[in-house]
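Architecture at a glance
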Amino acid sequence: METYEKKGRAWKELNLGHLRNNVRELKQMVPPDCRLMPAVKADAYGHGAVPVARELARMGIRDFCVASVDEGIQLRTAGIRGQILVLGYTPKECLPELAAYGLTQTVVDGAYAEMLAGGPGRFRVQAAVDTGMHRLGFSWTEPERILALWRQPNLAVTGVFSHLCVSDEDTEDARRFTLEQGRRYRQVLDCLYGKAKSRFQTHLLGSYGILRYPELAFDAVRPGILLYGVHSSEADARRQERPAALYPVLSLKARIACVREVEAGEGVGYGLAFHSNGKKRIAVASAGYADGIPRALSGKGHALVRGVRAPVVGRICMDQLFLDVSKIPGVCAGDEAVFIGESLGQRIRAEEMAQAAGTITNELLSRLGKRLGTRVVAERSEPIYNIKIPGRKEACAPCCQRNA
Ligand SMILES: *Cc1c(COP(=O)(O)O)cnc(C)c1O
């Protein structure tokens, strides 16, 4: 197992044992022959695409989803083989890189198909189908345009997929719409089967689809946020309606630079936005919004210092922020402040931090700063949260090998 350490002033910690656990859990939620095609876009939701994809590859995963050609090239350069599907638009000038790095391109609509067909070289492609989201894809009403891809001599069609847009919502309407999207997708596939000149991969579900509509798992599923052991929102994390014991892969930590006494009536930080009403001990932590701590957490967020919650006070700066450590004895320079993760049995989850910042974890994590150090812990440590579900099937280690 590889361990890697470069902490610096602020860093993320990756628990690859938790990643492996989450892969096994997700495999259990879908039929045994359904492949995992993890979304490692946006630097694996801020975790680090290379260490994450390498660990997934070691577990036998052979298909990866990214958002751009550059993300695909980064994985190939790091030695990742198998299929790398670029889910998003690739402009004409980048087409040679698609071919050079053996990436699979999403066909975003009919006009894009023509551009690819006239492009330089042979391309592996998957057709996106718009089943109601109206983002990327051929309309579900025109399967014959998808069928036409097989007639282009320079295109090799390896898959036809769609994407759900309300699978995370609880209402009856959302459920009905999601099932309708499934029906439309099936209808497209029914038109293609027998006429398409080669076999192709089918996939529809992201994380919430896997949680709530496992009956719509086709050949593969594309988990993103849940793979990282995180729900999108605090409310979802509380609800947890299907058996899942997913452990957060990432912790976010920074060093305390100094601790100072501030007298009553003095202000702290930009705009002197925090005014202490009594004598306070303020710790300056070495992380700011450029590291991905949202500025919206000014005066709202928390960090754990020595196992105790310290409130964020004043405005969050680009590179530093202030913590009120008045109630925490002994805090000194060099101590760790934990923004996401555990400290002496206490924890702050990404869902909580995202909620306080008025966003979802997907955004919070994918915007973590590039300059953060990374510490990879490969061992299987105790889960940060382990939701016990009565009668849950035991994880079967070999199930991931089926992916190979
Ligand atoms: C990002 C993305 C996913 C993964 O979504 P999660 O909700 O994070 O699981 C799956 N499919 C497509 C097309 C995506 O863009």
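Refer to the preceding data block for the structure.
Structural notes, computed from the coordinates.

1. Overview of the nonpolar core
- Among the nonpolar cores identified, the biggest contains 112 residues, and Ile-146, Leu-323 and Phe-339 are the most heavily contacted of them.
- Look past the residues within four positions of Phe-339 in its chain and what remains in contact with it is Leu-252, Ala-254, Ala-285, Ala-287, Ile-293, His-302, Ala-303, Leu-321, Ile-348 and Met-353.
- With eight residues, the next largest nonpolar core counts Phe-274, Ile-282, Val-313 and Cys-317 among its residues.

2. With respect to empty space enclosed by the protein
- Taken as a whole and assessed by the stated rule, the structure comprises one cavity of 30 Å³ or more.
- Counted as a void, the largest cavity has a volume near 50 Å³.
- What lines the largest cavity is simply His-47, Tyr-228, Val-230, Pro-248, Val-249, Leu-250, Ile-340, Arg-349, Ala-350, Glu-351 and Leu-365.
- The residue inventory of the lining of the largest cavity, partitioned by class, reads eight nonpolar, one polar and two charged.

3. Thoughts on the layout of surface pockets
- Estimates place the volume of the largest pocket at around 820 Å³.
- Lys-41, Met-133, Arg-135, His-163 and Leu-164 are, among the 38 residues lining the largest pocket, the residues nearest its centre.
- Sorting the residues of the lining of the largest pocket by element identifies helix H2 (41–45), strand E7 (123–130), strand E9 (155–162) and helix H9 (207–212) as the ones contributing at least two each.
- Within the lining of the largest pocket, the residues separate by chemical class into 18 nonpolar, 14 polar and six charged.

4. Thoughts on the site of the ligand
- Neighbouring the ligand are 13 residues, the closest being Lys-41, Tyr-45, Ser-207, Arg-222 and Gly-224.
- Note that an oxygen atom of the ligand is positioned 2.5 Å from one of the side-chain N or O atoms of Tyr-45.
- Here Arg-222 contributes a side-chain N or O atom positioned 2.8 Å from a nitrogen atom of the ligand.
- Summarising the interface, the protein chains cover 86% of the accessible area of the ligand, which totals 380 Å² for the free molecule.

5. Here's the deal with the packing of aromatic side chains
- Across all of its chains, the model carries five aromatic pairs by this definition.
- Plain terms: the ring middles of Tyr-193 and Phe-200 are 5.6 Å apart, the flat faces sit at 15° to each other, and that makes the pair stacked.
- In this structure Phe-200 comes out as buried when scored by relative accessible area, which is 10%.
- By the ring-pair criterion, three or more aromatic residues cluster together here, those being Trp-150, Tyr-193 and Phe-200.

6. A few points about the pattern of salt bridges
- Inspection of every chain in the model, using the stated rule, returns 25 salt bridges.
- Notably, a salt bridge pairs Arg-58 with Glu-55, separated by 2.8 Å at the nearest N-O pair. Note that Arg-58 and Glu-55 are positioned in helix H3 (residues 49–58) at a spacing of three residues, about one turn of the helix.
- Among the residues examined, Arg-58 registers a relative accessible area of 44% and is labelled partly exposed.
- Taking the relative accessible area as the measure of exposure, Glu-55 reaches 1% and is therefore buried.
- Via salt bridges that share partners, Arg-9, Asp-291, Asp-319 and Arg-371 belong to a single interconnected network.

The rules behind each value
Residues numbered from 1 in each chain as written. Predicted model: local features only at pLDDT ≥ 70, side-chain atom pairs only at ≥ 80, totals over all residues. Heavy atoms only, no water. Core = buried A, V, L, I, M, F, W, Y, C linked by side-chain atoms within 4.5 Å. Buried < 20%, exposed > 50% of the residue type's maximum accessible area, 1.4 Å probe, protein only. Contact = heavy atoms within 4.5 Å. 1 Å grid on protein atoms, 1.4 Å probe; cavity = no way out; pocket = protein on both sides within 12 Å on 5 of 7 lines; lining within 4 Å. Points joined across faces, edges and corners; volume = space filled by probe spheres on them. Nonpolar A, V, L, I, M, F, W, Y, C, P; charged D, E, K, R; others polar. Helix = DSSP H or I, 4+ residues; strand = E, 2+ residues; numbered from the N terminus. Near = heavy atom within 4 Å. Polar contact = N/O pair within 3.5 Å; in protein donor to acceptor, adjacent residues only side chain to side chain. Areas by Shrake-Rupley, 256 points an atom, 1.4 Å probe, with all protein chains shown as cover. Phe/Tyr/Trp six-rings, centres within 6.5 Å; stacked < 30°, edge-to-face > 60°. Salt bridge = Lys/Arg side-chain N within 4 Å of Asp/Glu carboxyl O.

Scope: geometric values only; no functional claims are made or implied.
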